[in-house]
Amino acid sequence: FLKPADTIKLRDVRNMTKEEAITILTDEGFKVDDVVKQEVSDDVEEGRVITTDPAPLTAVKKGDTIVLTVSSGTYVVIEDYTGKDFETVAKNLEELGLNVKKEEEISDTVDKGKIISQSLDSGEKLKPDEAKSTTITLTVSKGYESTVPNVYGQDITTAKDILINTGFRYVTTFEHRTPSFIKL
């Protein structure tokens, strides 16, 4: 049974590097377990302490063994990339360690170079080591492409019908030419 005089509060070493935490804890008279637990974290950078066992700020006595849990990196969280610029998104994803595959598709609703869809769901979390072996496929708009039907030589009604049936709008323009006379 520990008497209050024999105990001290365990220093909070969370977010310190593993080396800083070991130095501080051993300087304060604690033993640090040789086995350091590794865990992926939502917000603690790789190599930094997530927590200790016993928990930070609990009553302990000098000589106790402290077990560190250190971050093996933060999760890579997939965002919704639709509508965003492919080049920018691809660069950012590659910096996070993902492999990026580009597929192109014609779209009349998404601007050229913007992402139409993605193969990984928004909000999906990948461990840092998984990210390096994961490929995300981004489908990118090639823009709108269409071939205007040739209506040259058609009467106005037929030409208008052909254009409307292929999704075009039309404007009819008449050109009035005044005959020119040659003086001899």
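Residues numbered from 1 in each chain as written. Predicted model: local features only at pLDDT ≥ 70, side-chain atom pairs only at ≥ 80, totals over all residues. Heavy atoms only, no water.

Examined against the element boundaries, Q118 turns out to sit in strand β9 (residues 115-118). According to the relative accessible area criterion, Q118 is buried, its value standing at 18%. In terms of polar contacts, Q118 uses its side chain to reach the backbone carbonyl oxygen of E79, at 2.8 Å. A polar contact is formed between the side chain of Q118 and the backbone nitrogen of Y81, at a distance of 2.7 Å. Q118 has contacts with I78, E79, D80, Y81, T82, I136, T137 and L138, leaving out every residue within four places of it along the chain. (Helix = DSSP H or I, 4+ residues; strand = E, 2+ residues; numbered from the N terminus. Buried < 20%, exposed > 50% of the residue type's maximum accessible area, 1.4 Å probe, protein only. Polar contact = N/O pair within 3.5 Å; in protein donor to acceptor, adjacent residues only side chain to side chain. Contact = heavy atoms within 4.5 Å.)

Tallied over the entire structure, the rule returns six salt bridges. Of the charged contacts in the structure, one is a salt bridge between E28 and R11, with a shortest N-O distance of 2.7 Å. Here E28 is found in the loop between α1 (18-27) and β2 (31-32), whereas its partner R11 is found in the loop between β1 (8-9) and α1, with 17 residues between them in sequence. Assessed through its relative accessible area of 38%, R11 is described here as partly exposed. Between R14 and D12 there is a salt bridge whose closest N-O contact spans 2.7 Å. (Salt bridge = Lys/Arg side-chain N within 4 Å of Asp/Glu carboxyl O.)

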